Amino acid sequence: MAWVWRFETADGTETAPAVEPEEFSTQGDAESWIGEVWKDLLDGGAEQVTLFEDDSEIYVMSLRAAAES
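Every value quoted in this text rests on a predicted model; they were computed, and no experiment measured them.

> Describe the side chain of Thr50, naming the residues involved and giving the relevant values.
You can see Thr50 is positioned in strand β2 (residues 48-53). At a separation of 3.0 Å, a polar atom in the side chain of Thr50 contacts the side chain of Glu8. Every residue in contact with Thr50, bar those within four places of it in the chain, is listed here: Val4, Trp5, Arg6, Glu8, Glu57, Tyr59 and Val60.

Here it is, written out as structure tokens:
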């Protein structure tokens, strides 16, 4: 199993991330990584991220909402 993030603009268009991601072997590792770099990703133009386990979409998370909380 591989856990990967997709990076998107506010309208859901895929965009290149400001921080180069990797494939993660666990959901926890993927979530820890996003917790460390989300501000850099937001500054680089990604407004939201989608987590996938292989080809299955797990959830979408707004980076903008995280910045506002």
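> Now, about the packing of aromatic side chains: what can you tell me, with residues and values included?
Aromatic ring pairs are reported here in terms of the distance separating the ring centres and the angle at which the planes meet. Tallied over the entire structure, the rule returns three aromatic pairs. Consider the rings of Trp5 and Tyr59, whose centres lie 6.1 Å apart with planes at 75°: the pair is edge-to-face. Residue Trp5 is located in strand β1 (residues 3-8), and its partner Tyr59 is located in strand β3 (residues 56-62); the two are separated by 54 residues in the primary sequence. For Trp5, a relative accessible area of 7% puts it in the buried group. Take Tyr59: its relative accessible area is 25%, and that puts it in the partly exposed class. Centroid distance Phe7 to Trp33: 6.3 Å. Interplanar angle 70°. Geometry classified as edge-to-face. On the criterion of sequence distance, the pair formed by Phe7 in strand β1 and Trp33 in helix α1 (residues 27-43) is long-range, its members being 26 residues apart. Take Phe7: its relative accessible area is 4%, and that puts it in the buried class. An aromatic cluster of at least three residues, connected via ring pairs, comprises Phe7, Phe24 and Trp33.

The rules behind the values
- Residues numbered from 1 in each chain as written.
- Predicted model: local features only at pLDDT ≥ 70, side-chain atom pairs only at ≥ 80, totals over all residues.
- Heavy atoms only, no water.
- Helix = DSSP H or I, 4+ residues; strand = E, 2+ residues; numbered from the N terminus.
- Polar contact = N/O pair within 3.5 Å; in protein donor to acceptor, adjacent residues only side chain to side chain.
- Contact = heavy atoms within 4.5 Å.
- Phe/Tyr/Trp six-rings, centres within 6.5 Å; stacked < 30°, edge-to-face > 60°.
- Buried < 20%, exposed > 50% of the residue type's maximum accessible area, 1.4 Å probe, protein only.

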